Amino acid sequence: MLDKGPYSTKIQGVNGLYPYKVKVERYLKDLREYFLDRQKVEEMLSKGENPLIYVVYEIDREGEGEFNVGCTIIYPGKIGDEYYFTKGHFHAKEPTSEVYVGISGKGVILMQDRDGRTFVEEISQGTIVYIPPGLAHRSINTGKNELVFLAIYPSEAGHDYETIMKTGFAKLVIERDGKPILIDNPNYGRYL
Ligand code: PAN
Ligand code: ZN
């Protein structure tokens, strides 16, 4: 029933959606190229520390005009001063947008265009964040609890992870004096 025709599903807070089709777990090991302090990441991994950073529960569909619906849970935590985040991506099909709805926790949606121009929106319970076509997007948990949000996007959007993996985001969200701040990423565009 989740593949074709109408369905309904329930938001389960930190347990995502039920029913769902796909569950993806991202551990520190999956994000080893992404954090600023790579040395710290390698140290942790070599000690067998491989925390779960985020989970996505998704109902994906196939066919023209369909939407995918996903619920992301980002755990609270930091690598050095850098808050836990999602990998981030452009949509492979550029003219596709996305809507995020905050369910619980608090965080930041970082967006950027192909020239590295940055846009930031805060998200918490009840916030609707609209991500227009052409912007890469990453979610960052700046709070003390899980950040949970719902994502709705065209099922033909596809995910281009490679661009962001290679260049990074132009800005980073780190903690300073107990608060989140935006800083320039010293490594932005390093492989360009
Ligand atoms: C979201 C993301 C989800 C995980 O559903 O896929 O938050 O982030 P990454 O895909 O960057 O690992 C979305 O933006 N879908 O298009
Ligand atoms: Zn997306």
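Here, the structure is the one placed above.
Residues numbered from 1 in each chain as written. Chains lettered and ligands numbered in written order. Predicted model: local features only at pLDDT ≥ 70, side-chain atom pairs only at ≥ 80, totals over all residues. Heavy atoms only, no water.

## Some remarks on the sheet that holds strand E9 (residues 98-104)
Phase 1: The sheet built from 6 strands is open, its strands ordered E3-E4-E5-E14-E9-E12 with antiparallel pairing. Edge positions in the sheet fall to strand E3 (22-27) and strand E12 (128-131), since each has one partner strand and no second. Taking each pair of neighbouring strands and ignoring which way they run, the sheet shows an average axis angle of 20 degrees.
Phase 2: Note: strand E5 (residues 67-74) against strand E14 (residues 147-154), 8 bridges, orientation antiparallel. Of the residues in E14, the one forming a bridge with Val69 is Ile152. (Pairing = 2+ DSSP bridges. Helix = DSSP H or I, 4+ residues; strand = E, 2+ residues; numbered from the N terminus. Axes fitted to C-alpha atoms, helices over the stretch in contact; angles between N-to-C directions.)

## Considerations on the sheet that holds strand E13 (residues 136-141)
Phase 1: What the 3 strands build is an open sheet, ordered E11-E10-E13; its pairing is antiparallel. The open sheet has two edge strands with one neighbour each: strand E11 (118-124) and E13. With strand direction ignored, the average angle separating the axes of adjacent strands in the sheet is 20 degrees.
Phase 2: Here strand E10 (residues 106-112) pairs with E11 via 7 bridges, running antiparallel. Opposite Lys106, over in E11, you have Ser124 as the bridge partner.

## A closer look at the coordination of the zinc ion (ligand 2)
Phase 1: Coordination of the zinc ion (ligand 2) by the protein involves His89 (NE2), His91 (NE2), Glu98 (OE) and His137 (NE2), with metal-donor separations of 2.1 to 2.3 Å.
Phase 2: If you look at the zinc ion (ligand 2), its 6 donor atoms make angles of 75 to 176 degrees with each other, and the shape they trace is octahedral.
Phase 3: Every donor residue of the zinc ion (ligand 2) comes from the same chain, spaced as H-x1-H-x6-E-x38-H. With His89 in the loop between strand E7 (82-83) and strand E8 (90-91) and His137 in strand E13, this residue pair connects regions lying 48 residues apart in the sequence. The pair formed by His89 and His137 is uniform in burial state, with each residue classed as buried. (Donors = N, O, S within 2.8 Å, 3.2 Å for Na, K, Ca; no water. Tetrahedral: all angles 85-135°; square planar, octahedral: opposite > 155°, others 65-115°. Buried < 20%, exposed > 50% of the residue type's maximum accessible area, 1.4 Å probe, protein only.)

## Observations concerning the packing of aromatic side chains
Phase 1: In the structure shown here, the tally under the stated rule is 4 aromatic pairs.
Phase 2: Summarising the aromatic geometry, the rings of Tyr18 and Tyr20 are spaced 6.3 Å apart at their centres and angled 75 degrees between planes, so their arrangement reads as edge-to-face.
Phase 3: With relative accessibility at 31%, the residue Tyr20 sits in the partly exposed group.
Phase 4: Here the aromatic rings of Phe35 and Phe85 are separated by 4.4 Å at their centres, their planes lie at 20 degrees, and the arrangement is stacked. With a gap of 50 residues between them, Phe35 in the loop between E3 and helix H1 (38-46) and Phe85 in the loop between E7 and E8 connect regions that are remote in the sequence.
Phase 5: Aromatic rings pair up to connect Tyr18, Tyr20 and Tyr57 into one cluster.
Phase 6: Between the NZ or CZ atom of Lys87 and the centre of the ring of Tyr161, over which it lies, the distance is 5.5 Å.
Phase 7: Sitting over the face of the ring of Phe90, Arg114 holds its NZ or CZ atom 3.8 Å from the ring centroid. (Phe/Tyr/Trp six-rings, centres within 6.5 Å; stacked < 30°, edge-to-face > 60°. Lys NZ or Arg CZ within 6 Å of the ring centre and 35° of its normal.)

## Some details on the side chain of Glu98
Phase 1: With respect to the element layout, Glu98 can be found in strand E9.
Phase 2: It is Arg114 that comes nearest to the buried, bridge-free Glu98 among opposite-charge side chains, at 13 Å.
Phase 3: Among the polar contacts listed, one links the side chain of Glu98 to the side chain of His91, at a separation of 2.8 Å.
Phase 4: Beyond its immediate sequence surroundings of up to four residues, Glu98 is in contact with His89, His91, Val129, Tyr130, Ile131, His137, Ala151, Ile152 and Tyr153. (Lys, Arg positive; Asp, Glu negative; His and termini not counted. Salt bridge = Lys/Arg side-chain N within 4 Å of Asp/Glu carboxyl O. Polar contact = N/O pair within 3.5 Å; in protein donor to acceptor, adjacent residues only side chain to side chain. Contact = heavy atoms within 4.5 Å.)

## Section: the site of ligand 1
Phase 1: Of all residues adjacent to ligand 1, which total 16 residues, the nearest are Tyr54, Thr72, Gly88, Tyr100 and Tyr161.
Phase 2: In the model, an oxygen atom of ligand 1 is placed 3.0 Å from a nitrogen or oxygen of the His89 side chain.
Phase 3: Here an oxygen atom of ligand 1 sits 2.9 Å away from a polar atom, N or O, in the side chain of His159.
Phase 4: Burial of ligand 1 by the protein chains amounts to 97% of its free accessible area of 400 Å².
Phase 5: Looking at the shell around ligand 1, the elements with two or more residues in it are strand E4 (52-59), E9 and E14.
Phase 6: Each residue belonging to the shell around ligand 1 can be placed in one class, and the counts come to 7 nonpolar, 7 polar and 2 charged. (Near = heavy atom within 4 Å. Areas by Shrake-Rupley, 256 points an atom, 1.4 Å probe, with all protein chains shown as cover. Nonpolar A, V, L, I, M, F, W, Y, C, P; charged D, E, K, R; others polar.)

On their own, these measurements won't tell you what the molecule is for.
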